[in-house]
Amino acid sequence: DSGVTQTPKHLITATGQRVTLRCSPRSGDLSVYWYQQSLDQGLQFLIQYYNGEERAKGNILERFSAQQFPDLHSELNLSSLELGDSALYFCASSVEGLVETQYFGPGTRLLVL
Amino acid sequence: GNSVTQMEGPVTLSEEAFLTINCTYTATGYPSLFWYVQYPGEGLQLLLKATKADDKGSNKGFEATYRKETTSFHLEKGSVQVSDSAVYFCALSGGIVAGGTSYGKLTFGQGTILTVHP
């Protein structure tokens, strides 16, 4: 158990809909990362937050957004969903948000029908 | 930008066989290198890491050496077990990227599926 929790574990929805994925980092970790794992794109970095502020952005679509709250949990919002958004979404956390070990949650599997 | 290339899989071995999974990287500066493992239905777990050239990371019988001259970080294990069956990801973090610091974001290879038979 990494100490990072993600909810829900599975999500099935329809095209055009909007969903919210939630992540709670390990106790004491200030930085949260979101990654997307799909068969065609592999594991890709989406976005990073540190202590409530956006720190780095990767290949995140404009239809996707995220935030980190004062209690340090984070939410990833996916809107106008398309079939191609079906993937496993991982959250990871680390202490400082620098070059250090990241601890991954179990992931949320999203299926868009 | 940063990139990681892993050997194509899947890899199928018999128990007690020797394992090598090749990983090469492209990065400017001095990135840190990682191997993560993903067991079926689970998230990624850090297997080992190395933060500077010639460092050797090791854990659970797995080893990898950070070779700056060949930009490689190959994963090896002398005798695999059925319980090692998983997907293995090589990744890097840090280095220098256009537009400023890369902070901690990980750049992953495509992953290698390892299956070990009894």
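Details of the structure are given in the entry above.
Below is a summary of the structure that appears in this document. (Residues numbered from 1 in each chain as written. Chains lettered and ligands numbered in written order. Predicted model: local features only at pLDDT ≥ 70, side-chain atom pairs only at ≥ 80, totals over all residues. Heavy atoms only, no water.)

**Side note on the interface of chain A and chain B**
Taken together, the contact pairs 19 residues of chain A with 17 residues of chain B. Where chain A abuts chain B, roughly 1,500 Å² becomes buried across the two surfaces, and 64% of that area is made up of carbon and sulfur atoms. It is Leu-43, Val-99 and Phe-104 of chain A that lose the most area in chain A upon contact with chain B, and together they represent 36% of the buried surface on that side. The interface formed by chain A and chain B holds 0 salt bridges in total. Put simply, the parts of the chain that give the side of chain A that touches chain B at least two residues each are strand E4 (31-38), strand E5 (42-50), strand E6 (53-57) and strand E9 (87-94) of chain A. Taken together, the residues of the side of chain A that touches chain B sort by class into 11 nonpolar, 6 polar and 2 charged. (Contact = heavy atoms within 4.5 Å. Buried area = accessible area lost by both parts, 1.4 Å probe. Salt bridge = Lys/Arg side-chain N within 4 Å of Asp/Glu carboxyl O. Helix = DSSP H or I, 4+ residues; strand = E, 2+ residues; numbered from the N terminus. Nonpolar A, V, L, I, M, F, W, Y, C, P; charged D, E, K, R; others polar.)

**Some thoughts on the sheet that holds strand E3 (residues 19-24) of chain A**
Residues and elements named next belong to chain A. With antiparallel pairing, the 4 strands of this open sheet are ordered in space as E1-E3-E8-E7. The sheet is open, and its two borders are formed by strand E1 (5-7) and strand E7 (64-68), each paired with just one other strand. If you compare each strand with its neighbour and ignore which way they point, the axes differ by 15° on average. The sheet contact formed by E7 and strand E8 (residues 74-78) spans 5 bridges and is antiparallel. Opposite Phe-64, over in E8, you have Leu-78 as the bridge partner. (Pairing = 2+ DSSP bridges. Axes fitted to C-alpha atoms, helices over the stretch in contact; angles between N-to-C directions.)

**Description of the state of the cysteines**
When the sulfur atoms of two cysteines share a covalent bond, that bond is a disulfide. Residues and elements named next belong to chain A. Tallied over the full model, the rule gives 2 disulfides over all chains. Note that Cys-23 is cross-linked by a disulfide to Cys-91, the S-S spacing being 1.8 Å. The S-S bond linking Cys-23 to Cys-91 shows a torsion near -50°; that makes this disulfide left-handed. Pair noted here: Cys-23 is in strand E3 and Cys-91 is in strand E9, with a separation of 68 residues, a long-range link. (Disulfide = S-S within 2.5 Å.)

These figures come from the coordinates and say nothing about function on their own.
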